[in-house]
Amino acid sequence: MAHITISDNDPRVQITGTTSLGPHAFNFEIFEDADIKVYQDDTLKTLTTHYTVSGAGESGGGSITFTSGNAPSSTSVVITIRRDIAVSRSTDFATSGSFQIDSLNTELDKLTAKVAQQEFNIRRAPLLKPTTVNANLDYTFPEPVAYKGLRWNSSANALENVHLNFSAAVSTVSVGNPATASLNTTTGVFTFGIPTGATGATGPTGPTGADSSVAGPTGPTGPTGPSGPTGPAGADSSVAGPTGPTGPTGPSGSTGPTGPTGPAGATTGFGGDTVKYRFSTTTTDSDPSSGNLRYNHGTVASVDKIFIDDENIDSVDVTAWINALDDVGAADNKGRLRIFKLTDSTKFAHFTIDAANTSASGYTKINVAHVASNSTFSNADEIGVSFVQASESSVAGPTGPTGPTGPTGSTGPTGPAGPTGSTGSTGPTGPTGPVTEATATALAIAL
C-alpha cells in the first residue's frame with residue numbers, strides 16, 4: 001500500500017440539499033472502503049448495498065456514490081459521512097530479514113487517523129475548562145435512577161443524582177399559622193400548606209320576596225313497586241349473539257432443550273510468513289498475471305523453477321517480500337517454501353530455494369529443488385505460499401586472524417645413542433690430551 005498523508009481535517013462531513021446519487025466528497029483519508037460509515041438522517045446505510053466508495057488509500061480524501069434507488073428521498077435529508085477505523089492491528093513485523101518501511105508507514109498513518117477520530121469525539125463531549133482546579137474532583141457517575149439528573153454536590157467535588165420529575169401537593173393549615181413548603185427528596189414531591197382565612201361576619205337578613213307565579217319543581221319519584229311474575233320463555237333466537245371478548249393470553253411454555261452442537265469447521269493452514277496466491281496449471285515461462293503462481297513442469301517432482309507474479313491474489317504488490325526470499329542462507333539453500341491449498345492442507349508441495357531469484361517483467365523466477373509433495377493443485381485453486389528462511393549460520397564466515405605464537409616448550413629427554421658406525425682408517429696418532437666428561441659427551445653427540 002502506498003504511503004498517504006493524514007490531513008488535519010475533521011473525520012466527518014455532512015451534506016444537505018441534494019437528492020442525487022453522487023459522488024459526494026469527503027476530505028479525510030481512509031485506508032479501506034469499510035473505514036467509513038454513511039447515514040441518511042439517523043439511518044445507517046450498508047456498504048455496497050446502498051453506496052460505493054472511492055479514494056481508499058489516497059491522500060486528500062475521496063467520495064461515496066449511492067447505488068440506484070438509494071439516493072436521499074428529499075433535499076431535507078442530511079447525509080453524514082464519518083471515518084470509523086476499527087481499533088485493531090493486522091500487521092506484524094518479522095523478527096529478522098528485510099524491514100518493511102511501507103507497512104510501518106501504513107500502521108503509523110492508521111494510528112494518526114484513529115487519534116483524529118478520538119479528538120473529534122472528545123470535542124463533542126462535555127469537558128471541564130483547562131483552567132479548572134482539580135481539587136480532588138471525583139468524575140465517577142452515580143448509578144442511574146429513573147427521572148433523576150446530575151449536579152455537583154454541595155462541596156462541588158463530585159456528581160450526585162437530583163430529581164427532575166417534580167410534582168406538588170397542597171394542604172391547608174389552621175387560621176393564623178404561616179404558609180409552609182417542603183420537598184420530599186425521595187419522591188420529588190413539593191408540599192405546600194396554605195392557611196385558611198377567618199370566617200367573615202354574618203350579613204343582615206334580606207326582605208321577604210313576593211309569591212312566585214312559577215310552579216315549583218316536581219318532587220322526587222316514589223319507590224319502585226314489587227316485580228311482577230316472570231313471563232313465559234320466548235322462542236329461541238335465529239340470530240347469533242355477539243362474540244364475547246378474547247380471553248387473556250396464557251403463560252409462555254417452558255424453553256425447549258438446546259439443540260446439538262454443529263460440526264466443527266474445516267481447519268486452514270494459512271498463517272505465519274505466508275502470502276495468498278492463485279495456482280495456474282500453465283507451465284510457460286512468462287508473467288502468470290496478477291495474483292497467479294505457476295510451475296515450469298507439469299510433474300511436481302520435476303519442478304525446478306516457480307514463476308510468481310509481483311502482486312498477490314488481493315492485487316497487493318509483494319515484490320519486496322519476493323526479493324527477500326534469497327537474502328540469507330547458503331548459495332544452494334536460501335530457505336524452504338511450502339505451497340498448500342487453503343481449503344485442503346493435505347494438498348501441498350515443499351521446495352528448497354537453491355539459487356538466487358531471477359527478476360523478470362511483472363514476475364520473478366524462483367530457483368527451487370523439490371523436497372516433498374502430496375497430490376496436485378487444480379487450475380485457479382487458492383493457495384498459500386509460506387517461507388522459512390535458512391539459518392545464516394549455514395554460510396561460512398571469513399577465516400579469523402592467526403593467533404599469537406605460544407611459548408617454547410621445555411626440552412625433551414636425550415634420545416638413545418645411535419648404532420656405532422664403521423671404523424674409519426686409523427689416523428696419525430695425536431698428542432695425548434686430558435679426557436674430560438664434556439669431551440666425551442661432545443664426542444658421543446658428534447657420532
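Residues numbered from 1 in each chain as written. Predicted model: local features only at pLDDT ≥ 70, side-chain atom pairs only at ≥ 80, totals over all residues. Heavy atoms only, no water.

S.K.: Teacher, can you tell me more about the overall build of the protein chain here?
M.R.: Secondary structure assignment for the protein chain yields three helices and 20 strands. Taking all 447 residues of the protein chain together, 24% fall into the buried category. In the protein chain, of all internal contacts separated by at least 6 residues, the share reaching a separation of at least 24 is 55%. For the protein chain, the accessible area works out to roughly 30,800 Å², and carbon and sulfur atoms hold 55% of it. (Helix = DSSP H or I, 4+ residues; strand = E, 2+ residues; numbered from the N terminus. Buried < 20%, exposed > 50% of the residue type's maximum accessible area, 1.4 Å probe, protein only. Contact = heavy atoms within 4.5 Å. Areas by Shrake-Rupley, 256 points an atom, 1.4 Å probe, with all protein chains shown as cover.)

S.K.: I tried to follow the packing of aromatic side chains on my own but got confused; where do I start?
M.R.: With the rule as written, the count across this model stands at six aromatic pairs. Plain terms: the ring middles of Phe279 and Phe377 are 5.3 Å apart, the flat faces sit at 65 degrees to each other, and that makes the pair edge-to-face. Here Phe377 lies in the loop between β19 (363–374) and β20 (382–389) and Phe279 lies in strand β13 (residues 274–280), a separation of 98 residues in the sequence. A single burial state applies to Phe279 and to Phe377, both of which are buried. On the numbers, 5.7 Å between centres and 65 degrees between planes, the contact of Tyr295 with Phe351 is edge-to-face. Here the residue Tyr295 occupies a position in strand β14 (residues 292–295), and Phe351 occupies one in strand β17 (residues 344–353), the gap between them amounting to 56 residues. For the pair Tyr295 and Phe351, one class covers both residues: buried. Through a chain of ring-to-ring contacts, the aromatic side chains of Phe279, Tyr295, Phe351 and Phe377 assemble into a single cluster. (Phe/Tyr/Trp six-rings, centres within 6.5 Å; stacked < 30°, edge-to-face > 60°.)

S.K.: Would you mind going over the sheet that holds strand β3 (residues 36–40) with me for this structure?
M.R.: Two strands in a sheet stick together by hydrogen bonds in their backbones, pointing the same way (parallel) or opposite ways (antiparallel). Strand order in the open sheet formed by four strands is β1-β7-β3-β4, with antiparallel pairing between adjacent strands. Each edge of the open sheet carries a strand with a single partner, namely β1 (12–15) and β4 (43–44). (Pairing = 2+ DSSP bridges.)

S.K.: Can you walk me through the confidence of the model for the protein chain in this structure?
M.R.: Caution applies to low-pLDDT parts of the model: their predicted coordinates are not meant to be read in detail. Of the residues in the protein chain, 74% reach a pLDDT of 70 or more, and the chain-wide mean stands at 81. Residue range residues 393–397 is modelled with pLDDT below 50. Its contacts to residues more than four positions away, or to other chains, number four contacts. Across residues 435–447 the pLDDT falls below 50, and counting only partners more than four positions away or on other chains, this stretch makes zero contacts in the model. (pLDDT = per-residue confidence, 0-100.)

S.K.: Help me out: how do you make sense of the nonpolar core in this one?
M.R.: What tends to happen in soluble globular proteins is that the nonpolar side chains get buried as a cluster. Core analysis: the biggest nonpolar cluster contains 24 residues, and Tyr277, Leu293, Tyr295, Ile306, Ile339 and Phe351 have the highest contact counts within it. Elements that contribute at least two residues to this core include exactly β13, β14, β15 (305–309), α2 (319–323), β16 (335–341), β17, β19 and β20. Setting aside anything within four residues of it in sequence, one finds Tyr295 in contact with Phe279, Thr282, Thr283, Val300, Val303, Lys305, Ile306, Phe307, Ile339, Ala349, Phe351 and Phe377. By size, the runner-up hydrophobic cluster in this structure holds 13 residues, among which are Phe26, Phe28, Val53 and Phe66. (Core = buried A, V, L, I, M, F, W, Y, C linked by side-chain atoms within 4.5 Å.)

S.K.: Can you walk me through the pattern of salt bridges in this structure?
M.R.: Within the structure shown, the criterion is met by five salt bridges. Residue Glu382 is joined to Lys276 by a salt bridge in which the shortest nitrogen-to-oxygen separation is 3.5 Å. Of this pair, Glu382 sits in strand β20 while Lys276 is found in strand β13, placing the two residues 106 residues apart along the sequence. Of the charged contacts in the structure, one is a salt bridge between Asp285 and Lys365, with a shortest N-O distance of 3.0 Å. Note that Asp285 is positioned in the loop between β13 and β14 and Lys365 in strand β19, a separation of 80 residues in sequence. Accessibility expressed as a relative area gives 39% for Asp285, which makes it partly exposed. (Salt bridge = Lys/Arg side-chain N within 4 Å of Asp/Glu carboxyl O.)

S.K.: Quick question: what am I supposed to make of the side chain of Lys365 here?
M.R.: For Lys365, a relative accessible area of 18% corresponds to the buried category. Here Asp285 takes part through its side chain, which lies 3.0 Å from a polar atom of the side chain of Lys365. Ignoring sequence-local partners within four residues, the contact set of Lys365 consists of Asp285, Ile306, Phe307, Asn357, Thr358 and Ala360. (Polar contact = N/O pair within 3.5 Å; in protein donor to acceptor, adjacent residues only side chain to side chain.)

S.K.: Please clarify how the sheet that holds strand β5 (residues 51–54) should be interpreted in this entry.
M.R.: With respect to topology, three strands assemble into an open sheet ordered β2-β6-β5, the strand pairing being antiparallel. Looking along the sheet, the strands with just one partner apiece sit at the ends: β2 (24–26) and β5. Sheet twist, expressed as the mean angle between neighbouring strand axes with direction ignored, is 25 degrees. Of the strand pairs in this sheet, β5 and strand β6 (residues 62–66) are connected by four bridges, and their pairing is antiparallel. By the bridge assignment, Val53 is partnered in β6 with Ile64. (Axes fitted to C-alpha atoms, helices over the stretch in contact; angles between N-to-C directions.)

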